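# Understanding the architecture of this molecule
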Amino acid sequence: MKFFVDTAEVDEIAQLNDLGMCDGVTTNPSLILKSGRDILEVTKEIAGMVAGPVSAEVVALKADDMIAEGRKLAKIADNIAVKVPLTWDGLKTCKVLSEEGTMVNVTLCFSANQALLAAKAGATFISPFIGRLDDINLDGLDVIEEIRTIYDNYGFDTQILAASIRSVNHAKDCAMIGADVMTAPPAIIKKMADHVLTDKGLDAFMKDWAKTGQKIL
Ligand code: E4P
């Protein structure tokens, strides 16, 4: 499973990128607001830092305007994936930009039927939002599972980009189901390394090592 980092904070991206834990980046208008940066500037900086796809989201609501915004964002760098919402205007934009050879990430997906439409519109990525489904007492992971089955049934090559990841268990469950990519906040990716028994075991080894009086270097 590929890891995309869900943030517009360049320092956090750089840290995970250096560790080989960043196969791409996703941003959205809320993350741009949080970063306090200009969208064009920060997207260019991020796209120059990572080799993989960097999602930048359009903010227009009508297809013609979305297409114009998408073309402008796509010009920033070769690894830009234009993010469009799962509306009919977004799907139309997806079809046009995909046919022009631009990667498109269809976002705000909450059902398998929406994901089916995005695949037919030529999406490179579909972003089902797990956490926001869980927030309203639906099961986000069920939706990922349904999309996996549908895409495999018909050989769609749209990649399932599990989004709105809120816990390390979400990450593990997405990998078990076979999501192609997950996008998670840096804190979740870092937390995946934590285990209380690792800490306890290391502590015991360090204490015993000190008692040997030996050195490796
Ligand atoms: C990423 O593409 C999404 O915009 C993001 O994962 C949404 O996460 P949230 O539901 O925690 O805001």
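First, a word on what this report is: a plain description of the structure on this page.

Reading the values: rules and limits
- Residues numbered from 1 in each chain as written.
- Predicted model: local features only at pLDDT ≥ 70, side-chain atom pairs only at ≥ 80, totals over all residues.
- Heavy atoms only, no water.
- Buried < 20%, exposed > 50% of the residue type's maximum accessible area, 1.4 Å probe, protein only.
- Helix = DSSP H or I, 4+ residues; strand = E, 2+ residues; numbered from the N terminus.
- Arc of directions from axis to C-beta.
- Contact = heavy atoms within 4.5 Å.
- Patch = residues over 30% accessible without salt bridge, like charges linked within 9 Å, V, L, I, M, F, W, Y side chains within 5 Å.
- Areas by Shrake-Rupley, 256 points an atom, 1.4 Å probe, with all protein chains shown as cover.
- Salt bridge = Lys/Arg side-chain N within 4 Å of Asp/Glu carboxyl O.
- Lys, Arg positive; Asp, Glu negative; His and termini not counted.
- Charge placed at Lys NZ, Arg CZ, Asp CG, Glu CD.

The set of residues buried in helix α1 (residues 10-18) consists of V10, I13 and L16. Looking straight down α1, one finds that the buried residues subtend no more than 130 degrees of arc, so they occupy a single side. Opposite the buried face of α1, by more than 90 degrees, sit the exposed residues D11 and D18. Structurally, α1 contributes buried residues whose contacts are with β1 (2-6), β2 (24-26), α3 (39-49) and α10 (186-191). Positive backbone phi, approximately 75 degrees, marks G20, located one or two places after α1.

Time to look at the environment of A187. Inspection of the secondary structure assignment puts A187 in helix α10. Taking the C-alpha atoms as reference points, A187 and A119, 68 residues apart in sequence, are found 30 Å from one another.

Moving on to a negative patch on the surface. There is a patch of like negative charges on the surface, built from D139, D142, E145 and E146. Its place among the elements puts E145 in helix α8 (residues 140-154). Looking at E145, the relative accessible area reads 43%, which means it is partly exposed.

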